[in-house]
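Here are the chains, one letter per residue:
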Amino acid sequence: MTSHALPFAPSRERVLAQPVLDALFLATILTVTFHKLQWELAGSLTLSDVLTSVFLVVFAWDRLERGDARLTRTAAVALCFMAAFAILYLAGFYSLDTGQALAQWAKGMVKYVLHFGFLVACLALLARRSQRFYWYTLAAFVGGMALNSLYGVVQLVAAEVTGANLDEILVEPITSRQTGINVFGAIEGSEVFRPNALTGDPNHLGIELVIPLLVLTPLYLRLEPRHRLRVPLAVLIGFLLVVELATLSRSALLGLGVGALVLAVPYRRHLRRPAFLVPLGVVVALIGAFVLARLDFFLTVLRARTNTSSAAASPHFDVYGFIPDVLSTNPLLGLGLNNFAVYYEFVTGRTDFGPHSFYVATLVETGIVGTALFAVFVAWMFRRLGVARRIGRALAASDDPLAARVRPLAWGMTAALVATLVSNVFYLTMTFYYFYVFAALAVALPVVFGRRAEPR
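Everything numeric in this text was worked out from a predicted model, so none of it was measured.

(A) A look at the overall build of the chain. The helix and strand inventory of the chain stands at 19 helices and 4 strands. Restricting to contacts in the chain with at least 6 residues of sequence separation, those with at least 24 account for 77%. Within the structure as shown, the chain displays about 20,600 Å² of accessible surface, and the carbon and sulfur contribution to it stands at 66%.

Structure follows, in structure tokens:
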């Protein structure tokens, strides 16, 4: 089968059905991980939040102008989840008893409305666009992370070679906020830097990169030998893996390892082929040569990152001790959305101390009811990905070449979802915007590829 018969091939079809609306949509997704690009405007608003606000207004105006309120079943279910979470958070409002708690709750609600509203609108939009537009959307999501990673590499090189703060030159003039690369510590008189790129935290960058690594790998393995994207994808995956390792994020590597085990089941035969072994060998050789050049230095860093009794690691475990205290006083609804830091300031002495775990945050802030609701939402995501895998099998049974795209994508997103869930045991990225975009892309898979119509 030649590559021109499959997706990823050039086409003259009109991809942007509504150029302004679709461009806003893709721009939002492209910048969804650029957390440092934010301003204090009635709270912290990122560039993607601003773009989302404009997109949602244009999207709603377009629907009103057309008199069109139709939603696909998937988008309607997502809207029901949005309403259920809104009711939960509004009920938690009555647990607030200080002005600071109310302010934190309000900030959380603004972010929730923007992010979940975008998820619903994303599903509604993708259902009415071509399969090729879905690939453009996925490319924007991955491309944003690749640009973020590229900035992180330049940031790291600038700090290592010249000691310069790249953020001070490029980011601060735009945002008027002081930011910079993460300094892990000093060894033998040399500072150890961890790139955080535009995310603000190296662990956030590492956990976010788990998604493109796991989603792109099975797609790459199933590409035809002479496909035009085979080499670019191999280079991109290798580059993202190097940046992943440079973040020194234990949570990210844990998630990546578990996600890789998920992929190893359906793609185990590909793991012995040159298409997998050669790029992996190149990455290992490059990293190995770099490490051997400063072996003592990197051994010290490795010991520091694997010491679970250190002061940096203990907060990730200690926060789980807060759960019984909260469940004994506010078992059903918790302390209120975005209020962990407020109620545990007396323990930590800090006003910005996060729970360092998505699951602790969910239990503490939304109680048993909120935790159960989120579990149902995640189960729905897994179910939709299961439907996508069945569609892939059906396409394969009918010898449809599209199966070589749909099945790998569904498996990659399944592995990425598992990896993200594991990574968030000790970190808190599933409240970030990128997870809502990933959720929309995952849930939309059966909608986009389940129909047997030609792309418009």
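(B) Spatial organisation of the side chain of Thr420. Looking at the secondary structure, you find Thr420 in helix H18 (residues 403-423). A relative accessible area of 1% places Thr420 in the buried class.

(C) Highlighting the packing of aromatic side chains. Following the criterion strictly, the structure yields 25 aromatic pairs and no others. Look at Tyr89 and Tyr112: their rings are 5.1 Å apart centre to centre, the planes differ by 85°, and that puts the pair in the edge-to-face class. You can see Tyr89 sitting in helix H3 (residues 73-92) and its partner Tyr112 sitting in helix H4 (residues 99-126), a full 23 residues away along the chain. Residues Tyr89 and Tyr112 agree in their burial class; the two are buried. Ring geometry for Tyr134 against Trp135: centres 6.2 Å apart, planes inclined by 85°, an arrangement best described as edge-to-face.

(D) Highlighting the environment of Thr33. Within the fold, Thr33 resides in the loop between helix H1 (19-30) and strand S1 (38-40). C-alpha of Thr33 to C-alpha of Gly200: the two residues are 167 residues apart in sequence and 9.7 Å apart in space. Contacts of Thr33, omitting those with residues within four sequence positions, involve Gly144, Met145, Asn148, Leu198, Thr199, Glu208 and Tyr434.

(E) Broad picture of the pattern of salt bridges. This model, assessed by the stated rule, comprises 7 salt bridges. One salt bridge connects Lys36 with Asp167, and the closest N-O pair in it is separated by 2.4 Å. Here Lys36 is found in the loop between H1 and S1, whereas its partner Asp167 is found in helix H6 (residues 166-170), with 131 residues between them in sequence. Each member of the pair, Lys36 as well as Asp167, carries the same accessibility label: buried. The shortest N-O distance in the salt bridge between Arg128 and Asp68 comes to 2.4 Å. On the criterion of sequence distance, the pair formed by Arg128 in the loop between H4 and helix H5 (131-161) and Asp68 in the loop between helix H2 (47-66) and H3 is long-range, its members being 60 residues apart. On the accessibility criterion, Arg128 (27% relative accessible area) is partly exposed.

(F) Local environment of unusual backbone geometry. Despite not being glycine, Ala197 has its phi angle at roughly 50°, a positive value. Backbone geometry places Asp399, a non-glycine residue, at a positive phi of 60°. Tracing the sequence through the fold places Asp399 in the loop between helix H17 (358-397) and H18.

(G) Looking closely at a nonpolar patch on the surface. Residues Leu292, Leu295, Leu299 and Leu302 make up a contiguous nonpolar surface patch of roughly 370 Å² in combined accessible area. The leading source of residues in the nonpolar patch is helix H12 (residues 295-305), at 3 residues. You can see Leu292 is positioned in helix H11 (residues 274-293).

(H) Layout of helix H9 (residues 230-246). In a regular helix each residue adds 1.5 Å, so 17 residues correspond to 24 Å; H9 covers 25 Å between its end C-alpha atoms and thus fits that length. Of the positions making up H9, those classed as buried are Arg230, Leu233, Ala234, Ile237, Gly238, Leu240, Leu241, Val243 and Glu244. Elements in contact with the buried residues of H9: H5, helix H8 (202-221), helix H10 (250-264) and H11. Once H9 finishes, Leu248 follows within two positions and takes phi at roughly 60°, a positive value.

(I) Structural view of the environment of Leu96. Residue position: Leu96 is located in the loop between H3 and H4. With 240 residues separating them in the primary sequence, Leu96 and Gly336 have C-alpha atoms 6.6 Å apart. Here Leu96 is in contact with Ala101, Leu102, Trp105, Leu335, Gly336, Asn339 and Tyr343, once residues within four sequence places are set aside.

(J) Region of the structure containing the packing of H10 against H18. In the contact formed by H10 and H18, the axes pass within 8 Å of each other and the chain directions differ by 145°. Crossing of H10 against H18: the hand is right-handed. On the side of H10, the interface is formed by Ser251, Ala252, Leu254, Gly255, Leu256, Val258, Gly259, Val262 and Leu263, while H18 contributes Trp411, Gly412, Ala415, Val418, Ala419, Val422 and Ser423. For the contact of H10 with H18, the class distribution of residues is 11 nonpolar, 5 polar and no charged.

(K) Representation of the confidence of the model for the chain in the model. For the chain, mean pLDDT is 88; residues scoring 70 or higher make up 89% of the total. The weakest mean pLDDT in the chain belongs to helix H16 (residues 345-348) at 62; the strongest belongs to H18 at 97. Throughout residues 452-456 the model reports pLDDT below 50, and contacts reaching past four residues in sequence, or to other chains, amount to 12 contacts.

(L) Main features of a positive patch on the surface. Side chains of Arg73, Arg383, Arg390 and Arg393 sit close together on the surface and give a patch of like positive charge. The class for Arg383 is exposed, based on a relative accessible area of 64%.

(M) Geometry of the packing of H5 against H8. Where H5 meets H8, the axes come as close as 10 Å, and the angle between the chain directions of the two elements is 135°. Between H5 and H8, the angle falls in the class oblique. In this structure, the crossing between H5 and H8 has a hand that is left-handed. Between H5 and H8, the contacting residues are Trp135, Leu138, Phe141, Val142, Met145 and Ser149 on the first element and Leu205, Glu208, Leu209, Ile211, Pro212, Val215, Leu216 and Leu219 on the second. Looking at the contact of H5 with H8 residue by residue, the class counts come to 12 nonpolar, 1 polar and 1 charged.

Criteria and thresholds
Residues numbered from 1 in each chain as written. Predicted model: local features only at pLDDT ≥ 70, side-chain atom pairs only at ≥ 80, totals over all residues. Heavy atoms only, no water. Helix = DSSP H or I, 4+ residues; strand = E, 2+ residues; numbered from the N terminus. Contact = heavy atoms within 4.5 Å. Areas by Shrake-Rupley, 256 points an atom, 1.4 Å probe, with all protein chains shown as cover. Buried < 20%, exposed > 50% of the residue type's maximum accessible area, 1.4 Å probe, protein only. Phe/Tyr/Trp six-rings, centres within 6.5 Å; stacked < 30°, edge-to-face > 60°. Salt bridge = Lys/Arg side-chain N within 4 Å of Asp/Glu carboxyl O. Patch = residues over 30% accessible without salt bridge, like charges linked within 9 Å, V, L, I, M, F, W, Y side chains within 5 Å. Expected span 1.5 Å × (residues − 1). Axes fitted to C-alpha atoms, helices over the stretch in contact; angles between N-to-C directions. Left-handed = near helix turned anticlockwise from the far one by under 90°. Nonpolar A, V, L, I, M, F, W, Y, C, P; charged D, E, K, R; others polar. pLDDT = per-residue confidence, 0-100. Lys, Arg positive; Asp, Glu negative; His and termini not counted. Charge placed at Lys NZ, Arg CZ, Asp CG, Glu CD. Parallel < 35°, antiparallel > 145°, perpendicular 65-115°, else oblique.

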